[in-house]
Amino acid sequence: MAAFLLSLLFLLLSLPSINTLSTVSISQTSNQTLICALQHPNQQGQSNLNCTTFPQQHQPITLELNSNVSYSQIVGGNGYVCALGPSSSSTSIVGCWRFSSNAANVPYKRIYHGPLVQQIDSGNSHVCGLVVKGNDSNSLGLECWQWKAFNSTTAADMSTSMASVAVGADFVCVLSERGDVNCTGTSNRSSSVIVDVPPPGGNFAFVAAGFRHACAISGNGSLHCWGDTKGEIPPGRFVSLALGENRSCALDYDRKVHCWGSNNFTMPHGLQDTFFESIVAKTSVFCGVVSSDYSLRCWGSEIFESNNKVFDDVLPGPCRNVSECPCGPLSNSAKLCHSPDIICQPCSPQVVQSSSPLNPLSPSPLNPSPPPPPPPPPQSNSTGWSSRMVAFLVVGCVGCSSLLLVMAFFLYRYCNSKRRGSRVHDSGRLDDPEAPPQAESQAGSRVLLKRLSHVISMGNGSPLEEFSWETLLQVTNNFSEDKRIGIGSFGSVYYATLEDAKEVAIKRAEASSSSYTVLGGQVDKDNAFVNELESLSRLHHKNLVRLLGFYEDSKERILVYEYMNNGSLSDHLHKLETSALMSWPMRIKVALDAARGIEYLHQYATPPIIHRDIKSANILLDAKWTAKVSDFGLSLMGPDPEDEEAHISLLAAGTVGYMDPEYYRLQHLTPKSDVYSFGVVLLELLSGYKAIHKNKNGVPRNVVDFVVPFIVQDEIHRVLDKRVPPPTPYEIEAVAFVGYLAADCVRLEGRDRPSMSQVVNNLERALAACLAQPVLSRSNTHHSSHSQ
């Protein structure tokens, strides 16, 4: 029993549960290396993430950062850096910055927002993480991003109790809490050398992935590698690994680094006697945090030969509450964290062999100090105790101590999981429209200015104009009431004529509030302002409202658009008594225009865009009755449109009545979420009812619930808008065909809905049928609308 408990405790204390979150990332392009590190949170009002490039040594690259956020982990790959940051006590955010060799200002893109992520890792191209499943913080699942070919079903079968993840070129390995290592990947040489050659059996405490090889450290500190390994693996006992391309380094129990690989790769002579707290690698570059002063030293490339020091005061691990550190704080680490947080001292796997006279099984910290002197020679037994009695006493003490420690460890894990489930993080806002509005007031205008500088020069065919405050006051008569043509949740819209006689619409955010409300919470107006700039400044399509310019200062957020003479589709459907939209061909033509604009966002914009707030009020009509999609305040960069399984995980936001129920329920945003919203618009066009309207008894009713049953029963004539003359024989089949299409668009599951390209094709056929002999049938739509 005692031996079993010893082995169990040995394994538990060996698992990478403390300082396994990487605080240093290495990224490379064709001719540059970008090294980033987490330092003291919010130094000089900045984020705790800082970066520099080589060989242009110490030339900082400007990442678009939220100074309110302290990231807990960073990873890097070819041309990108990704960070794990808290969003709340129950959710996490993973965001990335992609850059090129000549990048000066790098925008931020969120790739994940959902249940808590415990750890992330990256290869050259892919990022994976361990995500909390359900309400059990100890139950983790594997999720990967930027990896189109990744098989999530296979990943789900890899392990039921994952402890850590390691990502290689085209493979990923996970370490289970039992100490097993399992790997999976795409079918190519990079992954086959790992997946087809299973790792050696045994109870492992740490796993790392290189380009085409992987290594794991067993419970006793021995090192095992498999795959396309290079060089002779060094003997010894190790606690951590950093694997590159054809190169590897390992951190031993004494906190010294040993390297091996092709071309006789070894640790540089000047660093061989240096003690390190942690090490990382990417391709040919290796870096480590030095134990004595927490500086970051790098090697493996000739650019570091003259000066291998990159940063001072780098976090060797995440800042935590002292109660979360069973082996106490890391020496002198309090200076790196906000009081009372500290950095945990990693617990040594050597503890089970400790010779402490008080408790031979008590956890002891890993220190770079030399090993203790050998014990004195045995003394003669003058007390009358026999060797057998001594042996029984020792075994009894060891067994009892082992049992107590195991119970204490599990109690700590239980309490810690409860604390993690309720802990509140100062998350700030990571380009997140659902974040608390006070986060932006603390962030100030610094981040906003950085984001603006990225988009001002891009333009949509021509650079955006930055209007002066004086010009805007003049053309709007000091924003007078007689110039105001609309009031929305974001603010007011004013009509104006510029000096060149161009008619414009000027959208001005209300100064009294920094956020506005949509379904899902408060939307930050600065975020919406820059979203609109970022989206429309790089898009140009005849069915998207054109952005002409903007004005911004510490108090004002103003956007200037082309003027849409005929207002919104919502006005023509629900407010105006007379309208040009009182014919079925005209309504289908407006629907086709809007669909083409959304199709452009999904299929042809690079990267693709999900609008997130498609509704009749955001479809505007110009002087020639061309419909254009507007209001990109909630828009987000979307996943690859060819990847049916890809989605963005984040809290739902949008407008009541138009929001995709699957997005609201699962918090999985896809382009099919816009398809659902457009389906609601089609139902409005056909029936004349608002998305949410009242029945004859004054009870609120959803247009989907009311109209779709008539469509699937082939009784659409009973719910057509009474203000429009009944369809002619040439129009009735086209109208019914649009009804079937609308029913398909609002199906409950996104995979059952057509794409916007299919919607456009069907509306083109419907419009043509209004002008010729109908040849349409219900089977011509993408899906059969037989059930909802």
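Everything numeric here is computed off the predicted structure, so don't read it as measured data.

Asker: Which residues make up unusual backbone geometry, and what are the values?
Answerer: Phi at arginine 255 takes a positive value of approximately 75 degrees, unusual for a residue other than glycine. Inspection of the secondary structure puts arginine 255 in the loop between strand 20 (247–252) and strand 21 (257–261). A positive phi angle is found at aspartate 714, which is not glycine, with a value near 60 degrees. Judged by its relative accessible area of 46%, aspartate 714 is partly exposed.

Asker: Account for the sheet that holds strand 22 (residues 276–282), naming residues and giving values.
Answerer: Reading across from one edge, 22-23-24-25 is the order of the four strands in this open sheet, with antiparallel pairing throughout. The open sheet has two free edges, formed respectively by strand 22 and strand 25 (309–311), since each of these has just one partner strand. Strand-to-strand twist of the sheet, defined as the mean angle between neighbouring strand axes without regard to direction, takes the value 30 degrees. Where strand 23 (residues 285–290) lies against strand 24 (residues 296–299), four bridges are found, and the strand directions are antiparallel. Across the sheet, phenylalanine 286 pairs through a bridge with tryptophan 299, a residue of strand 24.

Asker: How would you summarise the state of the cysteines if you had to cite specific residues and measurements?
Answerer: For the coordinates displayed, the defined rule picks out eight disulfides. Paired by a disulfide, cysteine 173 and cysteine 183 hold their sulfur atoms 2.0 Å apart. An S-S torsion of about 105 degrees defines the bridge between cysteine 173 and cysteine 183 as right-handed. Taken together, the positions of cysteine 173 in strand 14 (residues 171–176) and cysteine 183 in strand 15 (residues 181–185) put the pair 10 residues apart, joining distant regions of the chain. For the pair shown, cysteine 173 and cysteine 183 are each scored as buried. Two residues share a disulfide in this structure: cysteine 287 and cysteine 298, whose sulfurs sit 2.0 Å from each other.

Asker: How would you sum up the nonpolar core? Please name residues and give values.
Answerer: Counting 66 residues, the largest nonpolar core has Phe678, Leu682, Leu683 and Leu763 as its most contacted members. Those elements that provide at least two residues to this core are helix 9 (569–574), helix 10 (584–604), strand 37 (619–621), strand 38 (627–629), helix 12 (671–687), helix 13 (703–712), helix 14 (729–745) and helix 15 (756–770). It is helix 10 that contributes the most residues to this core, 11 residues altogether. In this structure, phenylalanine 678 is in contact with Ala591, Ala594, Ala595, Ile598, Ile614, Met756, Val759 and Leu763, ignoring residues within four places of it in sequence. With 38 residues, the next largest nonpolar core counts Phe54, Leu65, Val280 and Val310 among its residues.

Asker: Can you lay out the pairing of strand 23 for me, pointing to particular residues and giving the numbers?
Answerer: Within strand 23, six of the six residues are buried, which leaves it mostly tucked inside the rest of the structure. With burial as the criterion, each face of strand 23 is covered, one bearing Val285, Cys287 and Val289 and the other bearing Phe286, Gly288 and Val290. Bridging between strand 22 and strand 23 involves six bridges; their strand directions are antiparallel. Each bridged residue has a counterpart across the sheet, and for lysine 282 the counterpart in strand 23 is valine 285. In this antiparallel pair of consecutive strands, strand 22 and strand 23, the connection spans two residues, and threonine 283 shows a positive phi of 50 degrees. Hairpin connection between strand 23 and strand 24: a loop of five residues separates the two successive antiparallel strands, and tyrosine 294 in this loop has a positive phi of roughly 60 degrees.

Parameters at a glance
- Residues numbered from 1 in each chain as written.
- Predicted model: local features only at pLDDT ≥ 70, side-chain atom pairs only at ≥ 80, totals over all residues.
- Heavy atoms only, no water.
- Helix = DSSP H or I, 4+ residues; strand = E, 2+ residues; numbered from the N terminus.
- Buried < 20%, exposed > 50% of the residue type's maximum accessible area, 1.4 Å probe, protein only.
- Pairing = 2+ DSSP bridges.
- Axes fitted to C-alpha atoms, helices over the stretch in contact; angles between N-to-C directions.
- Disulfide = S-S within 2.5 Å.
- Core = buried A, V, L, I, M, F, W, Y, C linked by side-chain atoms within 4.5 Å.
- Contact = heavy atoms within 4.5 Å.

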